[in-house]
Amino acid sequence: MSTIFGAPIHSEFLQDTLTILRRAIEMGKLEKQLLDYLSRPQRIVAISIPIKINGAMMFLEGYRVQHNNALGPYKGGIRFHPEVTLEDDMALATLMTLKNSLAGIPYGGAKGAIQVDPKTLDKASLEELSRGYVRALINVLGPDIDIPAPDLNTNPQIMAWMVDEYSKMMGRNVPATFTAKPVQLWGNPVREYSTGYGAALWTRNAARKFLKGIEGATVAVQGFGNVGYWLSHFLTEMGAKVVAIGDIGGAIYNSNGFNPDEVKAVERKTGTVVNYTGPGTRKIGMDELLTLNVDILVPAAVEGVINYSNANAVKAKLIMEAANGPVTSDAEEMLYKRGIYVFPDIGVNAGGVVMSYLEWVENLQWFIWDEEETKKKLDFMITNAFNRVYDRWQKMNGATIRDAAYIDALDRIYQAMKWRGWI
Ligand code: NAD
């Protein structure tokens with residue numbers, strides 16, 4: 001498809017997303033009409049938010065793309081970014097439809113954005129903007145309509161302002177309209193580490209099927225922010241040996257394995273993991289980290305780091321995509337030929353959205369689960385998604401695990417549409 005709503009598509013990201021969609025529908029031999037449904041969002045709301053910044057009136061542009069709600073209310077983050085485009089927002093909303101479906105949660109997909117660099121705003125303007133976004137979209141948000149969460153440059157404080165504005169306009173508290181709220185305002189403590197924990201669970205499950213289990217497995221992790229750190233913390237707790245850690249400042253190696261909490265303490269103080277100098281540690285280059293002879297490689301930083309130029313040098317047996325899009329499609333083909341399995345981002349980093357679902361369920365019932373109870377439920381849902389993908393992959397000849405994941409997600413959406421009579 002080269003046009004959308006009568007205009008040519010400019011975004012490479014949207015084009016790529018539609019190509020992946022088409023390929024998966026063809027490969028899974030799914031109903032062709034599914035592509036017609038999923039190639040365009042069901043609803044797009046474009047808004048302009050007037051706010052005063054340093055005495056001058058500004059009109060900031062924003063969107064909410066509601067891609068598909070066959071499985072339930074729309075769900076997806078809101079990002080504040082100066083370079084965000086409507087087409088990219090459409091691609092992100094499409095991916096949320098697939099991610100939520102694969103996770104087995106009762107949600108469709110959505111994404112929202114405001115074109116702004118939040119660093120240029122003081123706290124009062126940021127609050128006004130967050131509240132303005134909710135006021136402009138009041139009729140299309142709600143616990144059973146569309147439930148936003150944080151994304152790039154948005155956080156629990158912004159969710160708190162938004163849920164407050166929504167509640168004021170409704171004249172009652174409506175906690176289940178936004179997720180990833182502060183713990184003190186109907187949030188859940190597991191949220192902070194849910195994506196890293198979810199990625200660790202996928203890694204543990206993959207190691208049980210493809211290696212001799214997670215105990216003693218060696219792991220290299222690129223990226224030591226929210227996802228990379230918590231993933232390392234939980235993998236170590238599960239018995240794995242995190243032997244290499246890297247961030248924007250460089251990388252470190254220790255054949256005995258790191259204590260990720262100690263490395264994090266140094267990184268917090270000095271800004272990078274390379275200042276960690278515990279016994280047996282040596283500095284390595286990022287290229288070396290990505291091509292180490294380890295059991296598991298986890299890119300948890302940025303997209304495209306395993307690509308055509310380095311894929312043939314990768315020696316890990318399993319690659320877990322904790323970041324979004326870290327393995328390019330040409331690299332995946334090369335890895336596949338060499339028997340290296342890549343576990344895709346739409347499953348591996350879905351812990352955050354599964355946690356959002358659990359928070360929503362708590363809020364709908366005015367219920368509070370403690371940390372252990374929440375983790376147990378998260379493990380159950382994530383392991384369930386992993387097993388569905390694994391079982392499907394085993395039955396498909398010549399498919400990658402990513403193919404199996406996409407087809408599983410699409411099949412669930414297709415079944416819902418069929419029962420509803422849409423297809
Ligand atoms: P973060 O900002 O907390 O941490 C990013 C880490 O990557 C830092 O350690 C940084 O130094 C490192 N990094 C950045 N650029 C790098 C580069 N070029 N080379 C090597 N290291 C680099 O981010 P995060 O929240 O941990 O997210 C990491 C990835 O996971 C992103 O792709 C994000 O989209 C994805 N993700 C995050 C969540 C979440 O809940 N945080 C959910 C889903 C997906």
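All of the points below concern the structure found in this document. (Residues numbered from 1 in each chain as written. Predicted model: local features only at pLDDT ≥ 70, side-chain atom pairs only at ≥ 80, totals over all residues. Heavy atoms only, no water.)

### Notes on the site of the ligand
Put simply, the test is: We call a residue near a molecule or strand when any one of its heavy atoms sits within 4 Å of it. We call two N or O atoms a polar contact when they sit within 3.5 Å, provided that within protein one can donate a hydrogen and the other can accept it, with sequence-adjacent residues counted only if both atoms are side-chain atoms. Only the protein chains shown count as cover for residues, and all accessible areas are computed by the Shrake-Rupley method using a 1.4 Å probe.
For the ligand, the set of nearby residues contains 17 residues, the closest of which are Thr 195, Phe 224, Asn 226, Val 227 and Ile 248. Gly 225 is positioned with one of its backbone polar atoms (N or O) 3.3 Å from an oxygen atom of the ligand. Backbone polar atom of Ile 248 to an oxygen atom of the ligand: 3.0 Å apart, as the coordinates give it. Here the ligand, which alone exposes 830 Å², has 65% of that area covered by the protein.

### Digging into the nonpolar core
Going by this rule: As used in this record, nonpolar core signifies buried Ala, Val, Leu, Ile, Met, Phe, Trp, Tyr and Cys residues forming a set joined through side-chain atoms within 4.5 Å. Each residue gets one of three labels from its accessible area relative to the maximum for its type: buried under 20%, exposed over 50%, partly exposed in between, using a 1.4 Å probe on protein chains only. Secondary structure is summarised from DSSP: a helix means a run of H or I of at least four residues, a strand means a run of E of at least two, and numbering begins at the N terminus for each. Only heavy atoms matter for contacts: two residues are in contact if any of them lie within 4.5 Å across the pair.
Leu 34, Ile 296, Val 298, Phe 343 and Leu 410 are the most contacted members of the largest nonpolar core, which has 91 residues in total. Among the elements that line this core, the one with the most residues is helix 14 (residues 401-420), at 11 residues. Residues in contact with Val 298, not counting those within four places in the same chain, are Val 219, Ala 220, Val 221, Gln 222, Leu 231, Met 320 and Ala 322.

### What to know about the pattern of salt bridges
The line we're drawing: The salt bridge definition used is simple: a Lys or Arg side-chain nitrogen within 4 Å of an Asp or Glu carboxyl oxygen.
In the structure shown here, the tally under the stated rule is 24 salt bridges. A salt bridge links Arg 131 to Asp 164; the shortest N-O distance between them is 2.9 Å. Of this pair, Arg 131 sits in helix 4 (residues 123-137) while Asp 164 is found in helix 5 (residues 156-170), placing the two residues 33 residues apart along the sequence. Under the relative-accessibility criterion, Arg 131 is labelled buried at 10%.

### Re the sheet that holds strand 11 (residues 282-284)
Consider a sheet: its strands pair through backbone hydrogen bonds, and that pairing is either parallel or antiparallel. Going by this rule: Two strands are said to pair when DSSP picks up at least two bridges between them. Helix axes are fitted only over the stretch in contact, all axes being lines through C-alpha atoms; the angle between N-to-C directions runs from 0 to 180 degrees.
Pairing is mixed across the open sheet formed by 7 strands, whose spatial order is 11-10-9-8-12-13-14. The sheet is open, and its two edges are formed by strand 11 and strand 14 (341-343), each paired on a single side. In this sheet, neighbouring strand axes are inclined to one another by 20° on average, regardless of whether the strands run parallel or antiparallel.

### Focus on the pairing of strand 4 (residues 56-68)
With 11 bridges connecting them, strand 3 (residues 43-53) and strand 4 associate as antiparallel partners. If you follow Ser 48 over to strand 4, its bridge partner there is Glu 61. Following strand 3, the chain reverses through 2 residues before pairing antiparallel with strand 4; Asn 54 in that reversal takes a positive phi of roughly 50°. Summarising the sheet, strand 4 and strand 6 (residues 109-114) pair through 6 bridges and their orientation is antiparallel. Note that in strand 6 the partner of Gly 62 across the bridge is Ile 114.

### A word on helix 13 (residues 371-395)
To be explicit about the condition: Residue count minus one, scaled by 1.5 Å, sets the expected span of a helix.
With 25 residues, helix 13 should cover 36 Å at 1.5 Å per step; its first-to-last C-alpha distance of 36 Å lies within 8% of that length. What helix 13 keeps buried is the set Thr 374, Lys 375, Leu 378, Asp 379, Met 381, Ile 382, Thr 383, Ala 385, Phe 386, Val 389, Tyr 390 and Trp 393. Backbone nitrogen of Glu 372 and a side-chain oxygen of the N-cap are separated by 3.2 Å at the start of helix 13; the cap is Asp 370.

### Observations concerning the side chain of Asn 188
Mapping Asn 188 onto the fold places it in the loop between helix 5 and helix 6 (194-210). Polar side-chain contacts of Asn 188 include one of 2.9 Å to the backbone nitrogen of Val 190. Looking at Asn 188, its side chain comes within polar contact range of the side chain of Glu 362, at 3.0 Å. If sequence neighbours within four positions are ignored, Asn 188 has contacts with Val 183, Met 355, Glu 359, Glu 362, Trp 369 and Thr 374.

### A look at the packing of helix 3 (residues 86-103) against helix 14
Stated formally: Between 65 and 115 degrees an angle is taken as roughly perpendicular, under 35 as roughly parallel, over 145 as roughly antiparallel, and anywhere else as oblique.
Interhelical geometry of helix 3 versus helix 14 gives an angle of 90° and a closest axis separation of 8 Å. Comparing their axes, helix 14 and helix 3 come out roughly perpendicular. Counting all contacts with helix 3, which are made through Leu 95, Thr 97, Leu 98, Asn 100, Ser 101 and Leu 102, the residues of helix 14 involved are Ala 405, Tyr 406, Asp 408, Ala 409, Leu 410, Arg 412 and Ile 413.

### What to know about helix 7 (residues 226-237)
Spanning 12 residues, helix 7 covers 17 Å between terminal C-alpha atoms, matching the ideal 16 Å at 1.5 Å per step. Among the 12 residues that make up helix 7, 9 are buried, leaving the element largely enclosed by the rest of the structure. Looking only at helix 7, the buried set comprises Val 227, Gly 228, Tyr 229, Trp 230, Leu 231, Ser 232, His 233, Phe 234 and Leu 235. The inward-facing, buried residues of helix 7 abut helix 6, strand 8 (218-222), strand 9 (241-247), helix 8 (260-270), strand 12 (296-299) and helix 13. Downstream of helix 7 by a residue or two, Gly 239 has a phi angle that is positive, lying close to 110°.

### Side note on the sheet that holds strand 4
Sheet architecture is open: 5 strands sit in the order 3-4-6-5-7, paired in mixed fashion. Of all strands in the sheet, those bounded by a partner on one side alone are strand 3 and strand 7 (146-150). Neighbour-to-neighbour, the strand axes of the sheet open up by a mean angle of 20°, direction not taken into account. Where strand 5 (residues 74-80) lies against strand 7, 5 bridges are found, and the strand directions are parallel. For Gly 77, the partnering residue across the bridge sits in strand 7 and is Ala 149.

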